[in-house]
Amino acid sequence: MPLSKKIPEIKRLIKSFEIEANKFPEMTFSVEYLSKTSTSFSHTVSKKHHGILLWQFNGSLANEEFLNSIAENAASGNLKWGIPGSELSCIGIIEGELYPIFLKMAVRAGALFDSEEMKDIKIKVMQEIVDSELAKNNDSKPAVTTNSHPLAVWLNYLLFYLSSTNPGRERVTRIEPEPFSLSLLALEDILRERTTGKINSYKNRLKDIAFKVALSFPGERREYVEQVVNELKPELGEDAVFYDFDYQSFLAAPNVDIILQTIYRKQSDIVVVFICEDYALKEWCGLEWRAIRDMIKSGQGEKIMLVRFDDVAIDGLFSIDGFLDARNISPEKLSKIILTRLHVSTSTLI
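Residues numbered from 1 in each chain as written. Predicted model: local features only at pLDDT ≥ 70, side-chain atom pairs only at ≥ 80, totals over all residues. Heavy atoms only, no water.

J.: Where do I start with the overall build of the chain in this structure?
T.: The helix and strand tally for the chain stands at twelve helices and ten strands. Expressed as a percentage of its 350 residues, the buried residues of the chain come to 46%. Partitioning the contacts of the chain with sequence separation of at least 6, the portion at a separation of at least 24 is 79%. Element-wise, carbon and sulfur atoms account for 52% of the exposed surface of the chain, whose accessible area totals about 18200 Å². (Helix = DSSP H or I, 4+ residues; strand = E, 2+ residues; numbered from the N terminus. Buried < 20%, exposed > 50% of the residue type's maximum accessible area, 1.4 Å probe, protein only. Contact = heavy atoms within 4.5 Å. Areas by Shrake-Rupley, 256 points an atom, 1.4 Å probe, with all protein chains shown as cover.)

The following block contains the structure:
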């Protein structure tokens, strides 16, 4: 059954990974490369870990002697890290106290893919090595294998996801962000592609986009905010509204805090901030709020719209500050208010 038929399971996994990611766990996902000349890991692995073979480049099927060598190594060696004597083996290592929880969730995620989709992941993961070998010798027949265990499938998919969104980052030893957050980003990307039918729909570089509206909110209020976004897009256009789900591939970066602050401060005509208790507690919302407070300090308060879901106190806000109350305003009505405010603001700027 293809991914398009597994939307409910994808949504369940997204919720589960989001819960764990919001705990900011001390977890790492790293990859180690073993070869004929380098058979030890580059870093000391903690006691709380799990390692698994992800893929292997056995060599080029040049002659019968090579085939016999592969067969002998497969028959006599310890296959924990694949066939001994291979040119290159990639090992995935998950480390941290919560690694058993991640493993269970990652196995479920890897099981999402059917045989054809798994084959596609293998091609994408191994394509660079195959192309490199063929460039050396067009008659070469590179022998490559990937682990079909669901955990390995998911980790390989995460590496492919990184290669497509942040080329080069999949080759470093330690993968960022931590595996729960990275899995969440990858699953949300899968869901968006399957539900909208769009793949890589946002081709502009994020830093080059001038947004009409940017939204800052905690994940707990996503359902309401997404309805607002869906009302704004037909009026303003796809690349006029900054909504995190639409730009996940760009946000899977170590400096995401700087990226977000730049979007709010310099790349948006209006920033709509959804205030509530969850907003006050979330670390990422706190980083965004610092940028928004700096906008107020620098005289850009007219660019900010405050929307409240409750009466929680927020550092930097006072009783005299004006706000809209989402408890009494529907998403449809709020979107119209935003459009009106946007029209007034941009007219003033002109």
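So much for the structure itself; the text now carries on.
J.: Would you explain the sheet that holds strand E9 (residues 304-308) in this entry?
T.: Strand pairing in a sheet relies on backbone hydrogen bonds, with the paired strands running either antiparallel or parallel. Read from one edge to the other, the open sheet built from five strands follows the order E7-E6-E8-E9-E10, with strand pairing classed as parallel. Edge positions in the sheet fall to strand E7 (241-242) and strand E10 (324-325), since each has one partner strand and no second. Here E9 pairs with E10 via two bridges, running parallel. Opposite Arg308, over in E10, you have Asp325 as the bridge partner. Strands strand E6 (211-216), E7 and strand E8 (268-275) of the sheet are contacted by helix H7 (residues 222-236), whose axis makes an angle of about 180 degrees with E6. Relative to E6, helix H9 (residues 256-266) is tilted by about 130 degrees, and along the sheet it contacts E6, E7 and E8. (Pairing = 2+ DSSP bridges. Axes fitted to C-alpha atoms, helices over the stretch in contact; angles between N-to-C directions.)

J.: Just to check I follow, could you spell out the pairing of E6 for this structure?
T.: Regular strands place side chains that alternate from one sheet face to the opposite one. The element E6 is largely enclosed, with a buried count of five among its six residues. Bridging between E6 and E8 involves five bridges; their strand directions are parallel. By the bridge assignment for E8, Ser216 is matched with Val273. One ladder, built from two bridges, connects E6 with E7; its direction is parallel. Residue Val213 lies in a different strand from E7, and its bridge partner there is Val241.

J.: Any chance you could explain H7 here in plain terms?
T.: For an α-helix the count is 3.6 residues per turn, leaving residues at separations of three or four pointing the same way. The end-to-end C-alpha distance of H7, which contains 15 residues, comes to 20 Å, matching closely the 21 Å that a straight helix rising 1.5 Å per residue would cover. Turning to H7, its buried residues are Arg222, Tyr224, Val225, Val228, Val229, Leu232 and Lys233. Residue Gly237 follows H7 closely and has a positive phi angle near 105 degrees. (Expected span 1.5 Å × (residues − 1).)

J.: Quick question: what am I supposed to make of the packing of helix H1 (residues 7-21) against helix H3 (residues 99-110) here?
T.: When two helices pack together, their arrangement is given by the angle between the helix axes and the distance between those axes. Where H1 meets H3, the axes come as close as 11 Å, and the angle between the chain directions of the two elements is 160 degrees. Looking at the two axes, H1 sits roughly antiparallel to H3. The crossing of H1 and H3 is left-handed. For the pair H1 and H3, the contacting residues are Glu9, Arg12, Leu13, Ser16, Phe17 and Glu20 in the first and Ile101, Phe102, Met105, Ala106, Arg108 and Ala109 in the second. For the contact of H1 with H3, the class distribution of residues is seven nonpolar, one polar and four charged. (Parallel < 35°, antiparallel > 145°, perpendicular 65-115°, else oblique. Left-handed = near helix turned anticlockwise from the far one by under 90°. Nonpolar A, V, L, I, M, F, W, Y, C, P; charged D, E, K, R; others polar.)

J.: Please clarify how the environment of Ser335 should be interpreted in this entry.
T.: Looking at the secondary structure, you find Ser335 in helix H12 (residues 331-349). Ignoring any residue separated from it by four or fewer positions in sequence, one finds Ser335 in contact with Val228, Glu231 and Leu232.

J.: Would you mind going over the nonpolar core with me for this structure?
T.: Soluble globular proteins tend to bury their nonpolar side chains together. Among the nonpolar cores identified, the biggest contains 49 residues, and Ile10, Phe29, Leu54, Phe102, Trp154, Leu155 and Tyr157 are the most heavily contacted of them. Of all the secondary-structure elements, those providing two or more residues to this core are H1, strand E1 (28-35), strand E2 (49-60), strand E3 (88-95), H3, helix H4 (115-136), helix H5 (150-165) and helix H6 (179-196). The residues touching Leu155, leaving out its near neighbours within four places in the chain, are Phe29, Ile52, Leu54, Ile94 and Phe102. Core analysis: the next-biggest nonpolar cluster, separate from the first, contains 46 residues, Leu215, Tyr247, Leu251 and Ile259 among them. (Core = buried A, V, L, I, M, F, W, Y, C linked by side-chain atoms within 4.5 Å.)

J.: Explain H9 here, please?
T.: Buried residues of H9: Val256, Ile259, Leu260, Ile263 and Tyr264, and no others. Mapping the buried residues of H9 onto a view down its axis gives an arc of 125 degrees, with all of them on the same face. The exposed residues of H9 that point more than 90 degrees off its buried face are Ile258 and Lys266. (Arc of directions from axis to C-beta.)

J.: Would you mind showing me how to read the pattern of salt bridges here?
T.: Here the idea is simple: oppositely charged side chains can pair when their charged atoms come close. Taken as a whole and judged by the stated rule, the model has seven salt bridges. Linking Glu9 and Arg108 is a salt bridge whose minimum nitrogen-to-oxygen distance equals 3.1 Å. Here Glu9, found in helix H1, pairs with Arg108, found in helix H3; they are 99 residues apart in sequence, far enough to count as distant. Residue Glu9 is classed as buried on the basis of its relative accessible area, which comes to 17%. Across the pair Asp325 and Arg327 runs a salt bridge whose closest N-O atoms are separated by 2.9 Å. The class of Asp325 is buried, set by a relative accessible area of 17%. By sharing partners, the salt bridges in this structure join Glu9, Arg12 and Arg108 into a single network. (Salt bridge = Lys/Arg side-chain N within 4 Å of Asp/Glu carboxyl O.)

J.: Help me understand the environment of Ser330 in this model?
T.: Looking at where Ser330 falls in the secondary structure, it is placed in the loop between E10 and H12. Taking the C-alpha atoms as reference points, Ser330 and Gln227, 103 residues apart in sequence, are found 9.2 Å from one another.

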